[in-house]
Every structure is written in structure tokens, then in C-alpha cells.
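The lines below spell out each chain.
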Amino acid sequence: MSFLVDNPDVVRTLFTRDQIADKVQEIGAQVTADYAGQDLLVICVLRGAATFMADLVRAIDLPVEMDYMCVSSYGNGVASSGVVRIVKDLDCDIRGRHVLIAEDVIDSGLTLKYLIRNLESRSPASVEVAALLHKHREGAVESKYVGFTCPDEFVVGYGLDYAEKYRNLPYIGVLDPKVYEH
């Protein structure tokens with residue numbers, strides 16, 4: 001049995017490797033069309049969006065710059081703690097730049113709302129979000145680019161984790177609640 005293929009902690013696959021690849025290419029093509037001739041900076045929200053951003057920027061047929069932020073409201077739990085903090089800030093100035101935030105999943109929206117307000121206070125030309133997954137909860141942030149609508153379950157794989165595990169799964173699946181319910 002392979003950990004990457006038949007992980008016993010994943011109760012079902014939501015999105016396969018091929019479905020994800022196709023969707024990332026589709027988002028990349030739309031970003032390419034929307035930002036043609038613009039100065040685009042793609043910001044990765046670490047750690048979960050690193051895999052998505054790596055594939056996304058390769059699907060954008062424009063010169064892009066990349067930077068990284070680590071913003072947390074989860075810790076090692078499965079629900080937001082309600083307290084957002086910047087763990088790692090940007091290395092570049094975003095004033096006057098078109099900013100695209102690469103996010104793995106929009107869940108409660110708490111972290112992303114905080115991040116957008118923080119970035120907008122730095123006077124960029126624009127701030128938009130490309131999210132691989134969106135749970136569409138009430139009050140959640142809307143994203144200009146969305147890969148998939150996701151059920152309100154705890155998902156792992158393709159960068160998404162539980163307690164820093166499962167990020168390297170090549171698909172997105174639902175984590176067995178027995179793993180995180182003690």
C-alpha cells in the first residue's frame with residue numbers, strides 16, 4: 001500500500017491529481033488574460049498554498065514576481081482559533097502593484113479578511129484572490145478565481161494539512177474524523 005495513493009486516513013477523494021491540474025491551468029489562463037501588460041505580484045499564503053502557487057505561476061503566461069507570507073489562525077487544530085497573526089511578512093514593497101493572493105482554501109474567511117485589509121493598507125494597485133478551494137460559508141471572502149467548491153469537511157492533500165501531515169498527497173481528500181477527534 002502506498003501512503004500517497006491509498007492513504008488509510010483519507011475516507012474519500014474529492015479532487016484527483018488530473019482534476020486539480022486542469023483547474024489550475026484554467027485559472028492560470030484567466031489570470032494571464034486579466035493581467036496582460038500589468039505588473040503582477042503573486043503572494044503565497046504559506047504553508048498550505050505553496051503547492052497551488054507553484055503550479056499556478058507556471059500556468060500564468062506572463063512575467064510574475066512571487067513573495068510569501070505566513071499568516072496563521074489555526075495552530076495544529078481543525079478550527080480557527082479566532083486570533084490572526086503574521087508569522088512571516090513580505091520581503092517586497094507592494095505599493096502600486098497588482099497583487100494576487102494564492103490561497104489554498106477559503107474556510108471561515110477570518111485569516112483572508114485580515115490579510116486583505118493588511119495588504120490594502122500598503123497601497124497596492126489592486127488585491128485579488130485565487131483560491132483553489134472555497135467552502136462558501138456565510139461571511140467568507142469571495143474570490144475572483146476559484147478552483148473548486150468544497151464541502152464543509154476537513155480536507156487534506158495538495159498542500160493542505162492536518163498537524164503538518166498529508167501535504168504531499170497528490171489529490172485532495174476528506175480526512176477521517178478519527179484522526180483529529182480525540
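The structure under discussion appears in the preceding block.
Given the structure is predicted, the values throughout are model-derived calculations rather than measurements. Chains are numbered independently. Their residues run from 1 in the order of the written sequence. In keeping with the predicted nature of the model, local features appear solely for residues at pLDDT of at least 70, side-chain atom pairs appear and are counted solely at 80 or more, and the whole-chain, interface and lining totals rest on all residues. With hydrogens and water stripped out, all remaining heavy atoms of the structure feed into the side-chain values.

Trainee: Let's hear about the sheet that holds strand β9 (residues 172–175): which residues, and what values?
Mentor: A pair of strands is treated as paired once DSSP finds two or more bridges between them. Going along the chain from the N terminus, every DSSP run of H or I of four or more residues is numbered as a helix, and every run of E of two or more is numbered as a strand. A sheet is described by the order of its strands in space; here 3 strands give the open sequence β1-β9-β8, paired in antiparallel fashion. Both edges of this open sheet fall to β1 (10–15) and β8 (155–156), since each of them pairs with a single strand only. The pairing of β1 with β9 spans 4 bridges and is classified as antiparallel. When the bridges of β9 are listed, V10 appears paired with L175.

Trainee: Break down the pattern of salt bridges for me, citing the residues and quoting the values.
Mentor: The rule for a salt bridge is simple: a side-chain nitrogen of Lys or Arg has to be within 4 Å of a carboxyl oxygen of Asp or Glu. For the structure shown, the criterion picks out 13 salt bridges. A salt bridge links E153 to R12; its shortest N-O distance comes to 2.3 Å. Of this pair, E153 sits in the loop between β7 (145–149) and β8 while R12 is found in strand β1, placing the two residues 141 residues apart along the sequence. On the accessibility criterion, R12 (38% relative accessible area) is partly exposed. Residue K135 is joined to D107 by a salt bridge in which the shortest nitrogen-to-oxygen separation is 3.5 Å. A residue pair is termed long-range when its members are at least 10 positions apart, and K135 in the loop between β6 (126–134) and β7 and D107 in the loop between β5 (98–106) and α3 (110–120) qualify at 28 residues. With respect to burial, K135 and D107 carry one shared label: buried. Summary of the burial criterion: residues with accessible area below 20% of their type's maximum are buried, those above 50% are exposed, and those between are partly exposed, where the area comes from a 1.4 Å probe applied to protein chains only.

Trainee: How would you summarise the nonpolar core if you had to cite specific residues and measurements?
Mentor: Only buried Ala, Val, Leu, Ile, Met, Phe, Trp, Tyr and Cys residues count toward a nonpolar core, and they belong to the same one when joined by side-chain atoms within 4.5 Å. Core analysis: the largest hydrophobic core is formed by 32 residues, its most contacted members being F52, L133 and I172. When residues of this core are traced back to their parent elements, those giving at least two are β1, α1 (17–34), β2 (40–46), α2 (50–59), β5, β6, β7 and β9. At 5 residues, α2 tops the list of elements feeding residues into this core. Not counting chain neighbours up to four residues away, the residues in contact with I172 comprise T13, L14, F15, I20, L132, L133, V155, V156, G157, Y158 and L160. In terms of nonpolar packing, the next biggest core, distinct from the first, is built from 20 residues, V71, I94, L115 and V141 among them. Here a residue-residue contact requires only that any non-hydrogen atoms of the pair lie within 4.5 Å.

Trainee: Before we move on, can you summarise the pairing of β5 with the specific residues and values?
Mentor: Across the 9 residues of β5, 9 count as buried, placing the element largely inside the fold. The pairing of β2 with β5 spans 5 bridges and is classified as parallel. Note on β5: the bridge partner recorded for C44 is A102. Pairing analysis gives 8 bridges linking β5 to β6, with the strands arranged parallel. Its bridge partner being in β6, L100 is matched across the sheet by E128.

Scope: geometric values only; no functional claims are made or implied.
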